[in-house]
Amino acid sequence: MMWGRAMTATTSAAAGAEQALRPHAEEAFAAELGALAAVDDRPRPARWKLSPWAVATYLLGGTLQDGTVVTPKYVGPRRIVEVAVTTLATDRALLLLGVPGTAKTWVSEHLAAAISGDSTLLVQGTAGTPEEAIRYGWNYAQLLTHGPSRAALVHSPVMRAMAEGRIARVEELTRIPADVQDSLITILSEKTLPIPELGTETQAVRGFNLIATANDRDRGVNDLSSALRRRFNTVVLPLPASAEDEVEIVSRRVGQIGAGLDLPAAPRGADEIRRVVTVFRELRGGVTEDGRTKVKSPSGTLSTAEAISVVTYGLALAAHFGDGVLRAGDIAAGILGAVVRDPAADRLIWQEYLETVVRERDGWKDFYRACREVTS
């Protein structure tokens, strides 16, 4: 426990001395959260930093009475955000469900930041996640020296959230083994975490709740038991409804990421961003933008998150090995890597798409040549 506190202090000091590569949401958007708190006169649930209205405004964006512009964190149906926020104001936990790249983790982080002012109470789900990551562990030096005691307990992020009345996050819930998943049942239903070794328990205080994310593609890996699923209100995050929405999302996120990496501003490559989005939407949808030509879909997800990665990679190429302007040659290799996951089947699908769609598209000759060059 002391080691954990020392590490936290060291990490905080280091972060203060040098800007973090990827600040937590509550740090990166502290000015917006502060402006919202200053004008927010609506009722707040216990221990919430903002009212449900202000939390939704933080995620969806808007202009406050004092002229402060709150940037959108999520581009999508307003009702989805309202339902998610309302769920967290009740005694039901929230499950964000969707295909890869639908901003589940991003929304989860920003919800926790706006509600609790702390998005770091996180359990990352994997096939090897132990029960201790959700419940508690032990400081074995203390345990061997003094026996079981409160001082020997190592609190999990969920246990800390219960004790402090904050939001806990569990990422990739369906990747966690089923028996470990079910350790959440008592926590979510009884709002208590038994500690049988000490004959005691930790009870959740008001303000506690939990956000979990799960991937639609992981169904069948470790499906949630019906008992656990009943403890959640499930909100499905869809893919961006239109190409314009997706272009906006990619442009905004690339701009945020690029600013931290000192890369050129994304608008200088607006045409290439739209090309990446168009290619991804057509290949995952199985039809061209005009609806006239059917195309085969590769094995990859081609999500919005992958589009962001392709454009960021292209900007880095343009900045370090070009003139800073994003062009077709900068994104071609990234697109190839995203599309061709199965070297045999996906490469044929990609080549067919290049020859039947891209080659014939007006204004795309430079893109076609760049893609042919890296493909061959």
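Residues numbered from 1 in each chain as written. Predicted model: local features only at pLDDT ≥ 70, side-chain atom pairs only at ≥ 80, totals over all residues. Heavy atoms only, no water.

**Student:** Please clarify how the overall build of the protein chain should be interpreted in this entry.
**Tutor:** Each helix and strand counted, the protein chain has 17 helices and 11 strands in total. Taken over the C-alpha atoms alone, the protein chain extends approximately 70 × 50 × 40 Å along its principal axes. Classification of the 376 residues of the protein chain by burial places 46% in the buried group. Accessible area for the protein chain stands at about 18,000 Å²; split by element, carbon and sulfur atoms hold 53% of it. Separation between the mean location of the 42 positive side-chain charges and that of the 45 negative ones in the protein chain comes to 3 Å. (Helix = DSSP H or I, 4+ residues; strand = E, 2+ residues; numbered from the N terminus. Buried < 20%, exposed > 50% of the residue type's maximum accessible area, 1.4 Å probe, protein only. Areas by Shrake-Rupley, 256 points an atom, 1.4 Å probe, with all protein chains shown as cover. Lys, Arg positive; Asp, Glu negative; His and termini not counted. Charge placed at Lys NZ, Arg CZ, Asp CG, Glu CD.)

**Student:** What is the right way to read unusual backbone geometry from this model?
**Tutor:** For residues besides glycine, phi is generally negative; the peptide bonds are generally trans as well. Even without glycine at this site, R47 takes up a positive phi of about 65°. Relative to the helices and strands, R47 resides in the loop between α3 (30-39) and α4 (52-60). Judged by relative accessible area, which is 47%, R47 ranks as partly exposed. Although it is not a glycine, E172 adopts a positive phi angle of roughly 55°.

**Student:** For this particular structure, what's the right way to read the sheet that holds strand β11 (residues 232-236)?
**Tutor:** Two strands in a sheet stick together by hydrogen bonds in their backbones, pointing the same way (parallel) or opposite ways (antiparallel). Sheet architecture is open: 5 strands sit in the order β4-β7-β10-β3-β11, paired in parallel fashion. For this open sheet the edge positions go to β4 (122-124) and β11, each flanked by a neighbour on one side alone. Neighbour to neighbour, the strand axes of the sheet diverge by 20° on average, direction disregarded. Of the pairings in the sheet, the one linking strand β3 (residues 93-98) to β11 comprises 5 bridges and is parallel in character. Note that in β11 the partner of L97 across the bridge is V236. Packed on one face of the sheet, helix α6 (residues 104-116) meets β3, β7 (167-171) and β10 (209-215) and runs near 170° to β7. (Pairing = 2+ DSSP bridges. Axes fitted to C-alpha atoms, helices over the stretch in contact; angles between N-to-C directions. Contact = heavy atoms within 4.5 Å.)

**Student:** Looking at this structure, I do not really get the packing of aromatic side chains. What am I missing?
**Tutor:** Tallied over the full model, the rule gives 4 aromatic pairs. Relative to W138, the ring of Y136 lies with its centre 5.9 Å away and its plane at 90°, an arrangement referred to as edge-to-face. Of the two residues, Y136 and W138, both sit in the buried class. When the centroid spacing of 5.8 Å and the interplanar angle of 25° are considered together, the rings of W350 and Y353 count as stacked. Linking W350 with Y353, this pair stays in helix α16 (residues 345-358), spanning 3 residues, or about one helical turn. Given the relative accessible area of 0%, W350 is considered buried. Sitting over the ring of Y58, K73 keeps its end group 4.1 Å from the ring centre. (Phe/Tyr/Trp six-rings, centres within 6.5 Å; stacked < 30°, edge-to-face > 60°. Lys NZ or Arg CZ within 6 Å of the ring centre and 35° of its normal.)

**Student:** I tried to follow the nonpolar core on my own but got confused; where do I start?
**Tutor:** Soluble globular proteins tend to bury their nonpolar side chains together. Core analysis: the biggest nonpolar cluster contains 36 residues, and V279, F280, I335, W350 and F367 have the highest contact counts within it. For this core, the secondary-structure elements that each account for two or more residues are α12 (243-260), α13 (270-285), α14 (304-321), α15 (328-339), α16 and α17 (365-375). The dominant element in this core, judged by the number of residues it contributes, is α15, at 7 residues. Setting aside chain neighbours within four positions, we find W350 in contact with V279, L283, I335, L336, V339, V340, C371 and T375. Formed by 34 residues, the second largest nonpolar core is a distinct cluster that contains V39, I80, A84 and I211. (Core = buried A, V, L, I, M, F, W, Y, C linked by side-chain atoms within 4.5 Å.)

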